[in-house]
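Breakdown of the fold
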2 protein chains.
Amino acid sequence: MRILGIDPGSRVTGFGIVEQQGNRLIHVDNGAIFTRSGDALPARLKLIHDGLHQVIATHAPEAMAIEQVFVAKNAMSALKLGHARGAALLVGANNHLPISEYTALQVKNAVVGYGRAAKGQVQQMVRALLNLPEIAQEDASDALAVAICHAHSSGLSNRLEKALSRGR
Amino acid sequence: MRILGIDPGSRVTGFGIVEQQGNRLIHVDNGAIFTRSGDALPARLKLIHDGLHQVIATHAPEAMAIEQVFVAKNAMSALKLGHARGAALLVGANNHLPISEYTALQVKNAVVGYGRAAKGQVQQMVRALLNLPEIAQEDASDALAVAICHAHSSGLSNRLEKALSRGR
């Protein structure tokens, strides 16, 4: 299964694609969409929307994963994040991708095995798991992390399903 | 000029269309898009997106107006509003509509002539200005109000331009 992870933001939206083959995880692509700070908000959202649409058209992922947000620094930053997140979710919906949301705790647990891991540890583990010498963009690394989290949890539920069906 | 006003919300998104003919304002349509609370967020955003896209396809507005948000009750509601707002702005951008944002103060000033007018006064003036016996949805009324605000301010800038060109 090919998974698109997204880390949306009004200035930078990271994306990462991983391919899950059995227990193996293969890195397919990662990158970031930068919006121009001088552009009006609708133009920036269109840039995010069209950029992600292009990524989906290129790599044909079968699922999308995105971080669930519970808290934001303040109402203004939450509104900004909401705009970008809305654009990202719409691209997934428009492309008929099943979308899963994971909390930061779930992502850290899946990638590092420890829910309170530091940002640097997560980035290091993403590189190690995907055999990448480096990842240019922090947001791209975060996007890969949520994709890995989805791979783990869907892998787990698949294994559970198989185990259950064997038990029947 | 035909103006689409939008009052986005995660549960209800109001829309209103007014046609400006010289100094006259004519009501064209108003309504609301209701999202199903049981639906997942991406599906709800798609409903808003597709609904507004349909409104634009039906009425072919030449401009879009939306309320600018400075404060929100809290970060969680700001995030929710941001999702819906992002979807609405994207529809405008995808349909190549110029989008103008107005503060609540500007809308109230344009509709009632008083920036601190109560919600009920604004609704009453919207009905009076557009010669409508009633408006079913509060959010649709708010959407019409921001469309009226855009009509006033673009009418004003047009008149200013004409006056300036006469003065040249």
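Notes on the structure follow. Bear in mind the structure is a predicted one, so any value in this text is a computation, not a measurement.

In screw terms, the move from chain B to chain A is a rotation of 180° and a rise of 0.0 Å along the axis, fitting with an RMSD of 0.0 Å. The relationship between the two copies is best expressed as a two-fold rotation axis. An overlap of 100% is found between the interface residues of chain B and their copies at the interface of chain A, pointing to a shared contact surface.

This paragraph deals with the nonpolar core. Across soluble globular proteins, nonpolar side chains show a tendency to be buried alongside one another. With 38 residues, the main nonpolar core has Leu4 and Leu52 of chain A together with Leu4 and Leu52 of chain B as its most contacted residues. Discounting chain neighbours no more than four positions away, the residues touching Leu52 of chain A are Ile6, Thr13, Phe15, Ile33, Ala88 and Val91 of chain A.

A few words now on the pattern of salt bridges. This model, assessed by the stated rule, comprises twelve salt bridges over all chains. The salt bridge involving Arg2 of chain A is made with Glu19 of chain A; its shortest N-O contact spans 2.7 Å. With Arg2 of chain A in strand S1 (residues 2–7) and Glu19 of chain A in strand S2 (residues 12–21), this residue pair connects regions lying 17 residues apart in the sequence. Classification of Arg2 of chain A by relative accessible area gives partly exposed; the value is 22%. The partner of Lys119 of chain B in a salt bridge is Asp142 of chain B, with the nearest N and O atoms 3.2 Å apart. Here the residue Lys119 of chain B occupies a position in helix H4 (residues 119–130), and Asp142 of chain B occupies one in helix H5 (residues 138–167), the gap between them amounting to 23 residues. Judged by relative accessible area, Lys119 of chain B falls into the partly exposed class, the value being 47%. Members of the salt-bridge network, linked through shared partners, are Lys119, Glu138 and Asp142 of chain A.

We note that Asn131 of chain A has phi near 60°; this positive angle belongs to a residue other than glycine. When you line up the elements, Asn131 of chain A lands in the loop between helix H4 (119–130) and helix H5 (138–167). We classify Asn131 of chain A as exposed; its relative accessible area is 70%. In this structure, His96 of chain B takes a positive phi of about 55° despite not being glycine. Looking at the element boundaries, His96 of chain B is found in the loop between helix H2 (75–94) and strand S5 (99–102). Residue His96 of chain B is classed as exposed on the basis of its relative accessible area, which comes to 67%.

Okay, the interface of chain B and chain A next. The interface of chain B with chain A comprises 25 residues on the first partner and 25 residues on the second. Buried area between chain B and chain A, summed over both chains or domains, comes out near 2,000 Å², and the portion from carbon and sulfur atoms is 76%. Three residues, Pro42, Leu79 and Leu90 of chain B, lead the burial of chain B against chain A; their summed loss comes to 25% of the area buried on that side. Along the contact surface separating chain B from chain A lie zero salt bridges. Counting across the chain B and chain A interface gives six residue pairs in polar contact (both at pLDDT 80 or more). Within the residue set of the side of chain B that touches chain A, elements represented by two or more residues are helix H1 (41–59) and H2 of chain B.

Residue and element names in this part refer to chain A. If you trace the five strands from one edge of the open sheet to the other, you get S3-S2-S1-S4-S5, paired in mixed fashion. What marks the edges here is a single partner per strand, and that holds for strand S3 (24–34) and strand S5 (99–102). Direction aside, neighbouring strands of the sheet carry axes that sit 20° apart on average. Two elements, S1 and S2, share six bridges in a ladder whose sense is antiparallel. Residue pairing for S2: Gly5 is matched across the bridge by Gly16.

Conventions we followed
Residues numbered from 1 in each chain as written. Chains lettered and ligands numbered in written order. Predicted model: local features only at pLDDT ≥ 70, side-chain atom pairs only at ≥ 80, totals over all residues. Heavy atoms only, no water. Least-squares fit on C-alpha atoms with pLDDT ≥ 70 in both. Contact = heavy atoms within 4.5 Å. Core = buried A, V, L, I, M, F, W, Y, C linked by side-chain atoms within 4.5 Å. Buried < 20%, exposed > 50% of the residue type's maximum accessible area, 1.4 Å probe, protein only. Salt bridge = Lys/Arg side-chain N within 4 Å of Asp/Glu carboxyl O. Helix = DSSP H or I, 4+ residues; strand = E, 2+ residues; numbered from the N terminus. Buried area = accessible area lost by both parts, 1.4 Å probe. Polar contact = N/O pair within 3.5 Å; in protein donor to acceptor, adjacent residues only side chain to side chain. Pairing = 2+ DSSP bridges. Axes fitted to C-alpha atoms, helices over the stretch in contact; angles between N-to-C directions.

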